[in-house]
Amino acid sequence: MRIDVYIPLVLPLLLTAVAPQVGLRVSPAVAARVLTIAAVLTAAASTWALLLLAATLVNEAPHVATEAGENGRRLPEPVPVAIAVAAITLLWLIGFRLVRALRAHYATRRVLKRLCEGHPPDSELIVAASSTPRAFAIPGPPGRILVTAAMLGALEPAERRVLLAHERAHLAHRHSALSTAVTLAAAVNPVLAPVRTTVTFLVERWADEEAARRVGDRRTTARALARAALVAQRARPGCALSFSEHAVTRRIAALQTAPPPDLWPIGVAVLVLGALPALGALDATGDLLRLLGESLPGLGPVFG
């Protein structure tokens, strides 16, 4: 096997390095989308590369070695056995992390669904009589916005419009799908954890920008964000809220300046960076199939 099988295992480091800079220079809507797609492609490619490395142990199977010996063939060793065993171990860890992430995701969805029980199915806004200031966008269908009375009471009317516009942006642009996709990608490949952090921040920035556009006032949006963060911190120190978490200071500072440009050329470059590991994995797949076909002609119809 050539070096291209290792490319999908190395390139995630590059994506991790560029993700924060992309988040700073490109509009949140573009950056969140392209980074999520790149992370998913990279995670899939790195997992496939590990599967290819693990598959090289087929030469160690007794019946395969016996058949090759009877035919007078020498089985190639695409990679050292230790690397193949390490790949199998990593695949087991990936499976464990992925199952754990999926369980957490569905547990959260069940809790959010229970919060909506007892309310009319066509009601978008649910106001909970709670003294804890909270605001959530609950993905659907149907999408709901859950806000506590404490949060609404802490905000002025204009700031309430900002909050609702922020949460509606989460629902309208399916931010939960982006967050889930990048979370699963990071579960599969822990190297992508910084990309997940960046995307999580960007979807909040995206909702901030949408809220500012809808209310037509960036300063009011920044003030609403600051007030929501303040009342949340006072109510439960150390426990952030959906509306007020993820580097609030940076989000407020961003609202003090003009919205960042789309810069699609950078977005395309990020997508290309995400596609490169997939191309490396595809090329490595062809290498492995050719090796298996040459050493085990009987498997030709299966692998060819």
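Check the entry above for the structure.
Now for a look at the structure at hand. (Residues numbered from 1 in each chain as written. Predicted model: local features only at pLDDT ≥ 70, side-chain atom pairs only at ≥ 80, totals over all residues. Heavy atoms only, no water.)

Remarks on the sheet that holds strand S3 (residues 144-148)
Next, step 1: Reading across the sheet, the three strands line up as S1-S3-S2 and stay open at both edges, with mixed pairing between neighbours. Of all strands in the sheet, those with a lone pairing partner are strand S1 (125-128) and strand S2 (135-138), marking the two edges. If you compare each strand with its neighbour and ignore which way they point, the axes differ by 20° on average.
Next, step 2: Relative to S3, S2 runs antiparallel, the two being bridged by four bridges. Bridging from a neighbouring strand, isoleucine 138 pairs with arginine 144 of S3. (Pairing = 2+ DSSP bridges. Helix = DSSP H or I, 4+ residues; strand = E, 2+ residues; numbered from the N terminus. Axes fitted to C-alpha atoms, helices over the stretch in contact; angles between N-to-C directions.)

Some points on the environment of arginine 109
Next, step 1: Examined against the element boundaries, arginine 109 turns out to sit in helix H4 (residues 81-115).
Next, step 2: With relative accessibility at 33%, the residue arginine 109 sits in the partly exposed group. (Buried < 20%, exposed > 50% of the residue type's maximum accessible area, 1.4 Å probe, protein only.)

Quick word on the packing of helix H6 (residues 157-172) against helix H8 (residues 193-215)
Next, step 1: Viewed as axis vectors pointing N to C, H6 and H8 meet at an angle of 125°, and their least axial separation amounts to 8 Å. What the angle tells us is that H6 and H8 run oblique. Where H6 crosses over H8, the two elements pack in a sense that is right-handed. Here Arg161, Val162, Ala165, His166, Ala169 and His170 of H6 come into contact with H8, specifically with Val203, Glu204, Ala207, Asp208, Glu210, Ala211, Arg214 and Val215.
Next, step 2: Class assignment of the residues belonging to the contact of H6 with H8 gives a composition of seven nonpolar, two polar and five charged. (Parallel < 35°, antiparallel > 145°, perpendicular 65-115°, else oblique. Left-handed = near helix turned anticlockwise from the far one by under 90°. Contact = heavy atoms within 4.5 Å. Nonpolar A, V, L, I, M, F, W, Y, C, P; charged D, E, K, R; others polar.)

Concerning the nonpolar core
Next, step 1: Leu15, Leu35, Leu192, Val195 and Val270 are the most contacted members of the largest nonpolar core, which totals 37 residues.
Next, step 2: When contributions to this core are tallied by element, the ones reaching two or more residues are helix H1 (7-25), helix H2 (28-55), H4, helix H7 (175-188), H8 and helix H11 (264-295).
Next, step 3: With 14 residues, the top contributor of residues to this core is H2.
Next, step 4: Counting ten residues, the second-largest nonpolar core is a separate cluster that includes Leu155, Leu164, Ala228 and Val231. (Core = buried A, V, L, I, M, F, W, Y, C linked by side-chain atoms within 4.5 Å.)

Digging into the side chain of arginine 144
Next, step 1: Topologically, arginine 144 is positioned in strand S3.
Next, step 2: Classification of arginine 144 as buried rests on a relative accessible area of 7%.
Next, step 3: A distance of 3.3 Å separates the side chain of arginine 144 from the backbone oxygen of proline 120, its partner in a polar contact.
Next, step 4: Polar contacts involving the side chain of arginine 144 include one to the main-chain carbonyl oxygen of serine 123, which spans 3.2 Å. (Polar contact = N/O pair within 3.5 Å; in protein donor to acceptor, adjacent residues only side chain to side chain.)

Remarks on unusual backbone geometry
Phi is mostly negative for residues that are not glycine, and the peptide bonds are mostly trans.
Next, step 1: In this model, arginine 174 sits at a positive phi of 50°, which is unusual for a non-glycine residue.
Next, step 2: Classification of arginine 174 as exposed rests on a relative accessible area of 59%.
Next, step 3: Of note in the backbone geometry, leucine 263 takes a positive phi value of approximately 50° without being a glycine.
Next, step 4: Residue leucine 263 is classed as partly exposed on the basis of its relative accessible area, which comes to 34%.

Considering the environment of alanine 32
Next, step 1: Relative to the elements of secondary structure, alanine 32 occurs in helix H2.
Next, step 2: The exposure class assigned to alanine 32 is buried, which follows from its relative accessible area of 0%.
Next, step 3: Ignoring sequence-local partners within four residues, the contact set of alanine 32 consists of Leu178, Val199, Leu202, Val203 and Trp206.

Notes on the pattern of salt bridges
As a working rule, side chains carrying opposite charge can pair if their charged atoms are close by.
Next, step 1: The tally for this structure, following the rule as stated, stands at nine salt bridges.
Next, step 2: One salt bridge in this structure joins glutamate 204 and arginine 251, with 3.7 Å as the shortest N-O distance. You can see glutamate 204 sitting in helix H8 and its partner arginine 251 sitting in helix H10 (residues 248-255), a full 47 residues away along the chain.
Next, step 3: We note a salt bridge from glutamate 209 to arginine 218, for which the minimum N-O separation is 2.7 Å.
Next, step 4: The class of glutamate 209 is buried, set by a relative accessible area of 12%. (Salt bridge = Lys/Arg side-chain N within 4 Å of Asp/Glu carboxyl O.)

Structural measurements only, silent on function.
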